[in-house]
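Below, each chain spelled out in residue letters.
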Amino acid sequence: MKIVGIDIGGTMIKYGLLSIDGKILESGEMKTEAEKGVEVLFDKISYIVEKYLHEDILGIAVSGTGQIDGSIGKVVGGNPIIPGWIGTNLVERLEKKYNLPAVLENDVNCAALGEKWLGAGRGKDSFVCLTIGTGIGGGIVLNGDILRGDTCVAGEFGHIQVEKNGEKCLCGKRGCYERYASATALVRMAKERTGKDLNGKEIFDREKANETLFVEIVKDWVDYFTDGLSTLIYIFNPPLVVIGGGVTKQGDYLLDKINKSLEEKLGVNFRKNLTIKFAELGNNAGILGAEYLLLKKIGKLN
Ligand SMILES: [Zn+2]
């Protein structure tokens, strides 16, 4: 018994054949070609499913970009990068076409569930997950499930305001958390203060070499990051925060800075049992989280 896992991003679709205990038996990727619209996307998804139909397939698990009602597998909003995607009930279409159970959930929520099942969140029923990339995404795991919110958009941590009259954000507001603490924000801050176009790794390399400007840039960026993070911790009082995204490649070096900065911003009971961990599943978290949801849906997991 196997599962087809598919992760639909704005640029690439990653997919794989998965064992029931979350091992990736085979994997591949193809371009999303988002601009060609939802029907082309559906053809691509069908191609992937049909590639594996000769196996003993239990179901289809999909992690996708956008605002998604994961309880029914319908896209309810988000950035309209794939024409026709918003409003699509992918689960209904897949289940009808293949007569197999399917799930669709937002990619950040899937990543959180993947980490809960097989990664940094193992053994924890409730925790908060943040992904630092172009923006800051969030997922809230509550009692082993995703807290979706009334209209399925809970956990958009990137749009918490951290500067009253700050940088303009794509959401229309000013001073959003992701304008100051995402990987993109780090790159922008370096460009503004040094005139140089550097990626995250290069910025950290210069900071580690003790270049004064870069030491300040990283210090300020971490400070913004923990400003927002401490707000989240005050709301949820979680035992665990899992942080994902490319910058976590900095490992304990960055984790130590986060912990130090956070310590000054939290009351004693908020720090008492708190652990901050970096995500463990990397790019596979989305597919594995979707599989976790599918296995729950068909009663193979508690
Ligand atoms: Zn915003």
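Below: a short report on this structure. (Residues numbered from 1 in each chain as written. Predicted model: local features only at pLDDT ≥ 70, side-chain atom pairs only at ≥ 80, totals over all residues. Heavy atoms only, no water.)

**Points about the overall build of the protein**
The test is simple: By definition, any uninterrupted DSSP run of H or I lasting at least four residues is a helix, any uninterrupted run of E lasting at least two residues is a strand, and each is numbered from the N terminus. Residues are treated as being in contact if the distance between any of their heavy atoms lies within 4.5 Å. For the purpose of charge, His is not counted, nor are the chain termini; Lys and Arg are scored as positive and Asp and Glu as negative. Just so you know, the charge point we use is NZ for Lys, CZ for Arg, CG for Asp and CD for Glu.
Helices and strands together make up the secondary structure of the protein, namely 10 helices and 12 strands. For the protein, contacts bridging at least 24 residues in sequence account for 62% of all contacts bridging at least 6. For the protein, the separation between the mean place of its 38 positive charges and that of its 40 negative charges on side chains is 1 Å.

**Remarks on the coordination of the zinc ion**
Keep this limit in mind: Coordination shells were defined by N, O and S atoms within 2.8 Å of each metal, extended to 3.2 Å for Na, K and Ca; water is absent from the atom set, which can make sites look incomplete. In this scheme the shape depends on donor count and angles: four donors with every angle between 85 and 135 degrees give tetrahedral, four or six donors with opposite pairs above 155 degrees and others between 65 and 115 give square planar or octahedral in turn, and any other case is irregular.
Only His159 (ND1), Cys169 (SG), Cys171 (SG) and Cys176 (SG) from the protein reach the zinc ion as donors, at distances of 2.0 to 2.3 Å. Classification of the site at the zinc ion rests on its 4 donor atoms, whose angles at the metal span 106 to 120°, yielding the label tetrahedral. Expressed as a motif, the donor residue spacing for the zinc ion is H-x9-C-x1-C-x4-C. Placement of histidine 159 in the loop between strand 10 (145–146) and helix 4 (178–181) and of cysteine 169 in the loop between strand 10 and helix 4 is noted, with a sequence separation of 10 residues between them.

**Looking at the side chain of aspartate 69**
Defined as follows: Classification of residues uses two cut-offs on accessible area relative to the type maximum, computed with a 1.4 Å probe and protein chains only: under 20% is buried, over 50% is exposed, and between them is partly exposed. Any carboxyl oxygen of Asp or Glu that lies within 4 Å of a side-chain nitrogen of Lys or Arg is treated as forming a salt bridge with it.
Among the structural elements, aspartate 69 can be located in strand 5 (residues 67–69). This buried residue, aspartate 69, is left without a salt bridge; arginine 148 holds the nearest opposite charge, at 5.0 Å. Discounting chain neighbours no more than four positions away, the residues touching aspartate 69 are Lys74, Val76, Leu104 and Cys152.

**Quick notes on the pattern of salt bridges**
A complete count under the given rule lists 19 salt bridges for this structure. In this structure, aspartate 197 and lysine 191 form a salt bridge, with 3.3 Å as the shortest nitrogen-oxygen distance. Since its relative accessible area comes to 62%, aspartate 197 is described here as exposed. For lysine 191, a relative accessible area of 37% puts it in the partly exposed group. The salt bridge partner of arginine 206 is glutamate 211, with a shortest N-O separation of 3.7 Å. Residue classification places arginine 206 among the partly exposed residues on the basis of a relative accessible area of 26%. What makes glutamate 211 partly exposed here is its relative accessible area of 34%.

**Describing the pairing of strand 11 (residues 240–244)**
Convention followed: When DSSP finds at least two bridges between two strands, those strands are taken to pair.
Within strand 11, 5 of the 5 residues are buried, leaving the element largely enclosed by the surrounding structure. Going residue by residue along strand 11, you find Leu240, Val242 and Gly244 tucked away on one face and Val241 and Ile243 tucked away on the opposite face as well. Bridge analysis of strand 8 (residues 127–132) against strand 11 gives 4 bridges, and the strand direction is parallel. Residue pairing for strand 11: leucine 130 is matched across the bridge by isoleucine 243. Where strand 11 lies against strand 12 (residues 275–278), 4 bridges are found, and the strand directions are parallel.

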